[in-house]
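# Descriptive structure summary
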Amino acid sequence: MKAMVLRRFYEIEVPGEPRRYPELPSTSDPLELVELPVPEPGPGQVLIKVSACGVCHTEIDEIEGRRRPKIPVIPGHQAVGRIVKVGDGVSRVKIGDRVGVAWVGWACGSCTYCVSGLENLCGDFKATGCDLDGCYAEYMVAYEDYVYSVPWNYEDPEAAPLLCGGAIGYRALKLASVKDGMALGLVGFGASAHQIIQVVKHLYPNSKVIVLTRSREHIELARELGADWAGTPQENPPEKIDRAIDFTPIGETIPRIMELLKPGGKLIVNVIRKRTPITLEYTKHLWMEKEIKTVANITRNDIKEYLEIAGKNKIKINYQTFKLEEANKALRLLKQGKIKGAAVLLPNT
Ligand SMILES: [Zn+2]
Ligand SMILES: [Zn+2]
């Protein structure tokens, strides 16, 4: 099978971006196209022929070594495909089923976090496309307990971004404990936020949504999708916000959001790693009972709930498709903030 493989850490070269990791070699093509044997599903696992694989900022974190994967690794954790083979003991799913795979690839099932439904915090958490091989390939294996049926009213490529961008954004929204009528800020407007704004419009119809993003195209998309106000982080929105979700890969956005929060406001940071440091001043950014909380990983329950919400409300997915061998190009465009919506690879076309 064809697969895109990461063999060592690199800084991804993109025009206009300064070098941040001089200790790493830099390249515009960090992933290598290779031919590998199709993997065999082990006990409890299934083999999936991948038809769509979402591209996520986390892959950039992995390539640049901020979230270290096993090496070599096949990245990718938003897969949609069909089961073509099952391992011993598989009973929940069968050959021919259309399924999705997400970031949560495996958790121990017996620690205090796992038994309380917080498998995302499990010390033995294994992430798809990071600790386990993922979907930047024609085939992948996954544990049957960690695959999901995909809403029938979504095509494969439009369903892939539901599995990370959408589902983790939904976890962030739950952690934000929004009440209808509160003003909500979404900062950064890519694969995740463009779904979450639609969910907010369904769940909290009286809430105002304020979007801050540096890209003109993303500002336009936010307005099309119902933002009450959208502008750059340098501009001042018309009002302060009660809750905010930060989707940006850089540290500088956090103090800016904290300035915009009302007393008692809460910020949820929906990013695994930040590319640049976060500098906070206690009085200016945190005083008046302001809170910051991060989102770590995801639970199976978040994914199931989100797939149900997406299917019922037909959350619209803006996406751009790429061939598997164009994965490096998709990653460069994502790093530059030039993807409108989500980037999706089509490994079997
Ligand atoms: Zn992701
Ligand atoms: Zn556990």
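If you tally the helices and strands in the chain, you get 10 helices and 19 strands. Expected size for 349 residues packed as a compact globule is a radius of gyration near 20 Å; at 20 Å, the chain falls within 12% of this value. In terms of overall dimensions, the chain has C-alpha extents of about 55 × 45 × 40 Å along its principal axes. Out of the 349 residues belonging to the chain, those deemed buried represent 48%. Of the contacts made within the chain by residues no fewer than 6 positions apart, 74% connect residues no fewer than 24 positions apart.

What follows deals with helix α6 (residues 216–224). Buried within α6 are the following residues: His218, Ile219, Leu221 and Ala222. On an axial view of α6, the arc spanned by its buried residues comes to 165°, and they lie on one face. Residues of α6 that are buried in the fold lie against α5 (193–203), β13 (209–212) and β14 (229–231). In the stretch just after α6, glycine 226 is the one whose phi turns positive, near 105°.

Moving on, we come to the nonpolar core. Judged by nonpolar contacts, the single largest core of 109 residues is most densely connected at Ile48, Tyr136, Ala167 and Leu186. Here this core gets 7 residues from one element, more than from any other, and that element is strand β5 (residues 45–55). Two domains share this core, each providing at least three of its residues, namely domain 1 (2–161 + 298–346) and domain 2 (167–294). For tyrosine 136, the contacting residues outside a window of four places in its chain are Ala3, Met4, Leu31, Cys53, Ile74, Pro75, Gly76, Leu324, Ala327 and Leu345.

In this section: the domain arrangement of the chain. When the domains of the chain are assigned, the result is domain 1 (2–161 + 298–346) and domain 2 (167–294). For domain 1 versus domain 2, the distance between C-alpha centres works out to 25 Å. Contacts between domain 1 and domain 2 engage 24 residues on the former and 19 residues on the latter. Of the residues in the side of domain 1 that touches domain 2, the class split is 10 nonpolar, 6 polar and 8 charged.

Turning our eyes to something else, we now look at the packing of helix α4 (residues 165–175) against helix α9 (residues 300–313). Interaxial distance between α4 and α9 falls to 9 Å at its minimum, and their mutual angle equals 105°. Compared by their axis directions, α4 and α9 come out roughly perpendicular. Between α4 and α9, the residues in contact are Gly166, Ala167, Tyr170 and Arg171 and Asp302, Ile303, Glu305, Tyr306 and Ala310, respectively. Of the residues assigned to the contact of α4 with α9, the class counts are 5 nonpolar, 1 polar and 3 charged.

Let's shift gears to helix α7 (residues 253–260). Those residues of α7 not exposed but buried are Thr253, Ile254, Ile257, Met258 and Leu260. All buried residues of α7 project into a common sector of 160° when viewed along the axis, lining one side.

As a further point, take the sheet that holds β14. Consider a sheet: its strands pair through backbone hydrogen bonds, and that pairing is either parallel or antiparallel. Pairing is parallel in the open sheet, where 6 strands are placed in the order β14-β13-β12-β15-β16-β17. If you trace the sheet from one side to the other, it starts and ends with β14 and β17 (291–294), each paired once. Strand-to-strand, the axes of this sheet are offset by a mean angle of 15°, without reference to chain direction. Its contacts with the sheet put α5 on β12 (184–187), β13 and β15 (241–246), and the angle it makes with β12 is roughly 165°.

On to the packing of α4 against α5, then. Between α4 and α5, the shortest axis-to-axis distance is 8 Å and the interhelical angle comes to 50°. Regarding the angle of α4 to α5, the classification is oblique. Judged by the sense of rotation from one axis to the other, the crossing of α4 with α5 is right-handed. Between α4 and α5, the residues in contact are Gly165, Gly166, Gly169, Tyr170 and Leu173 and Ala193, Gln195, Ile196, Val199 and Val200, respectively. Looking at side-chain class alone, the contact of α4 with α5 contains 6 nonpolar, 4 polar and no charged residues.

Looking now at unusual backbone geometry. Backbone torsion omega between isoleucine 71 and proline 72 reads -5°, so that peptide bond is classified as cis. Following the sequence through the fold, proline 72 ends up in the loop between α1 (57–63) and β6 (79–86). For serine 177, which is not a glycine, the phi torsion comes out positive at approximately 40°. Along the chain, serine 177 turns up in the loop between α4 and β12. Here methionine 288, not a glycine, exhibits a phi torsion of approximately 80°, which is positive. Looking at where methionine 288 falls in the secondary structure, it is placed in the loop between α8 (282–286) and β17. The class for methionine 288 is exposed, based on 11 C-beta atoms found within 10 Å.

Attention now moves to the environment of threonine 294. The residue threonine 294 is located in strand β17 in this model. Distance from threonine 294 to glutamate 155, taken between C-alpha atoms, is 31 Å for residues 139 residues apart in sequence.

Right, let's get into the pairing of β15. Most of β15 sits inside the fold, with 6 of its 6 residues counted as buried. Pairing of β12 with β15, which is carried by 4 bridges, proceeds in the parallel orientation. When the bridges of β15 are listed, glycine 185 appears paired with alanine 244. Sheet analysis places β15 next to strand β16 (residues 261–269), joined by 5 bridges and oriented parallel. By the bridge assignment for β16, arginine 243 is matched with lysine 266. For the segment spanning β15, α7 and β16, crossover handedness is right-handed.

About the criteria used
Residues numbered from 1 in each chain as written. Chains lettered and ligands numbered in written order. Predicted model: local features only at pLDDT ≥ 70, side-chain atom pairs only at ≥ 80, totals over all residues. Helix = DSSP H or I, 4+ residues; strand = E, 2+ residues; numbered from the N terminus. Rg over C-alpha atoms; globule rule 2.2 N^0.38 Å. Buried ≥ 20, exposed ≤ 12 C-beta atoms within 10 Å, placed from the backbone. Contact = placed C-beta atoms within 7 Å. Arc of directions from axis to C-beta. Core = buried A, V, L, I, M, F, W, Y, C linked by C-beta atoms within 7 Å. Domains from an automatic or database assignment. Nonpolar A, V, L, I, M, F, W, Y, C, P; charged D, E, K, R; others polar. Axes fitted to C-alpha atoms, helices over the stretch in contact; angles between N-to-C directions. Parallel < 35°, antiparallel > 145°, perpendicular 65-115°, else oblique. Pairing = 2+ DSSP bridges. Left-handed = near helix turned anticlockwise from the far one by under 90°. Right-handed = clockwise from strand over helix to strand, strands pointing away.

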